[in-house]
Amino acid sequence: GKRTNITWAMYQELGQYKGELPPIVIPDHKLIICPVTKCGSTQIRTMALRMLGQQMYGGRIWMLQKDGNFSNNVHTPRAFQHVRTKSFEEVNQMFLDPEWTTIAFVRNPYSRLLSGYRDKVVMKG
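Residues numbered from 1 in each chain as written. Predicted model: local features only at pLDDT ≥ 70, side-chain atom pairs only at ≥ 80, totals over all residues. Heavy atoms only, no water.

Novice: Is there a simple way to explain the nonpolar core in this structure?
Specialist: In globular proteins that are soluble, nonpolar side chains generally tend to be buried together. Listed in full, the twelve residues of the largest apolar core are I24, I26, L31, I33, I44, A48, L49, I61, M63, V74, A79 and F80. Among residues more than four places away in sequence, those in contact with I33 are P23, I24, I26, I44, M47, A48 and I103. Of all hydrophobic cores here, the second largest spans eight residues; its members include I32, C34, V91 and W100. (Core = buried A, V, L, I, M, F, W, Y, C linked by side-chain atoms within 4.5 Å. Buried < 20%, exposed > 50% of the residue type's maximum accessible area, 1.4 Å probe, protein only. Contact = heavy atoms within 4.5 Å.)

This is the structure we're talking about:
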């Protein structure tokens, strides 16, 4: 489809996700991934880390943290490059460039709501 410039307001929103990672940038693959909660985001982030060269051990990705310990939390913001680490001009160019691909995985909002309720209310209660 036709690509258009992103606005400054759109750029500001990309860096303001509450409780979510902003879109992930994988430069070598010219790929921007927009993770969405309860839509397989853990698996998508694991795939993204594999694309970035992280190895799996025991079925999980283990990353060295700044404190010298290892973590298998694929939701940690430091694991990725994000659009908020790029300038407005860089982000706009990525979205305009037909060689770059932007993807997001979504699912039925009712099943997503039910899954979130079960995960956060029923299983935690």
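After that view of the structure, there is still more to cover.
Novice: Would you explain the pattern of salt bridges in this entry?
Specialist: Pairing is possible between side chains of opposite charge, provided their charged atoms come close. Under the defined criterion, the tally for this structure stands at two salt bridges. Between D119 and K120 there is a salt bridge whose closest N-O contact spans 3.2 Å. For K120, a relative accessible area of 53% puts it in the exposed group. (Salt bridge = Lys/Arg side-chain N within 4 Å of Asp/Glu carboxyl O.)

Novice: Help me out: how do you make sense of the sheet that holds strand 1 (residues 24-26) in this one?
Specialist: Each strand in a sheet pairs with its neighbour through backbone hydrogen bonds, running either in the same direction (parallel) or in the opposite one (antiparallel). With respect to topology, four strands assemble into an open sheet ordered 7-1-2-8, the strand pairing being mixed. What marks the edges here is a single partner per strand, and that holds for strand 7 (81-82) and strand 8 (101-104). Contacts from helix 2 (residues 41-51) reach strand 1 and strand 2 (31-34) within the one sheet, and its direction differs from that of strand 2 by about 160 degrees. (Pairing = 2+ DSSP bridges. Helix = DSSP H or I, 4+ residues; strand = E, 2+ residues; numbered from the N terminus. Axes fitted to C-alpha atoms, helices over the stretch in contact; angles between N-to-C directions.)

Novice: Mind showing me how you'd approach unusual backbone geometry here?
Specialist: Glycine aside, negative phi is the norm for most residues, and most peptide bonds take the trans geometry. Of note, K30 is a non-glycine position whose phi angle comes to about 50 degrees, a positive value. Positionally, K30 belongs in the loop between strand 1 and strand 2.

Novice: So what exactly am I meant to see when it comes to helix 4 (residues 109-122) here?
Specialist: What sets the pattern is the α-helix's 3.6 residues per turn: residues three or four places apart point alike. Over its 14 residues, helix 4 extends 18 Å from the first C-alpha to the last, a length consistent with the 20 Å expected when each residue adds 1.5 Å. Measuring from the side-chain oxygen of the N-cap residue of helix 4 to the backbone nitrogen of Y110 gives 2.7 Å; that N-cap residue is N108. (Expected span 1.5 Å × (residues − 1). Polar contact = N/O pair within 3.5 Å; in protein donor to acceptor, adjacent residues only side chain to side chain.)

Novice: What exactly am I supposed to notice about the pairing of strand 2 here?
Specialist: Alternating positions in strand 2 separate into two faces, L31 and I33 on one and I32 and C34 on the other, with burial throughout. One ladder, built from three bridges, connects strand 1 with strand 2; its direction is antiparallel. Across the sheet, residue V25 finds its bridge partner in strand 2, namely I32. Linkage of strand 1 to strand 2, two consecutive antiparallel strands, is achieved through a turn of four residues, within which K30 is found at a positive phi near 50 degrees. Examined bridge by bridge, strand 2 and strand 8 share four bridges and lie parallel to one another. Bridge assignment links I32 to a residue of strand 8, and that residue is T102.

Novice: It is not clear to me how the environment of M47 should be interpreted in this structure. Could you clarify?
Specialist: Relative to the helices and strands, M47 resides in helix 2. When its relative accessible area of 34% is taken as the criterion, M47 is described as partly exposed. It is 9.9 Å that separates the C-alpha atoms of M47 and V74, two residues lying 27 residues apart in sequence.

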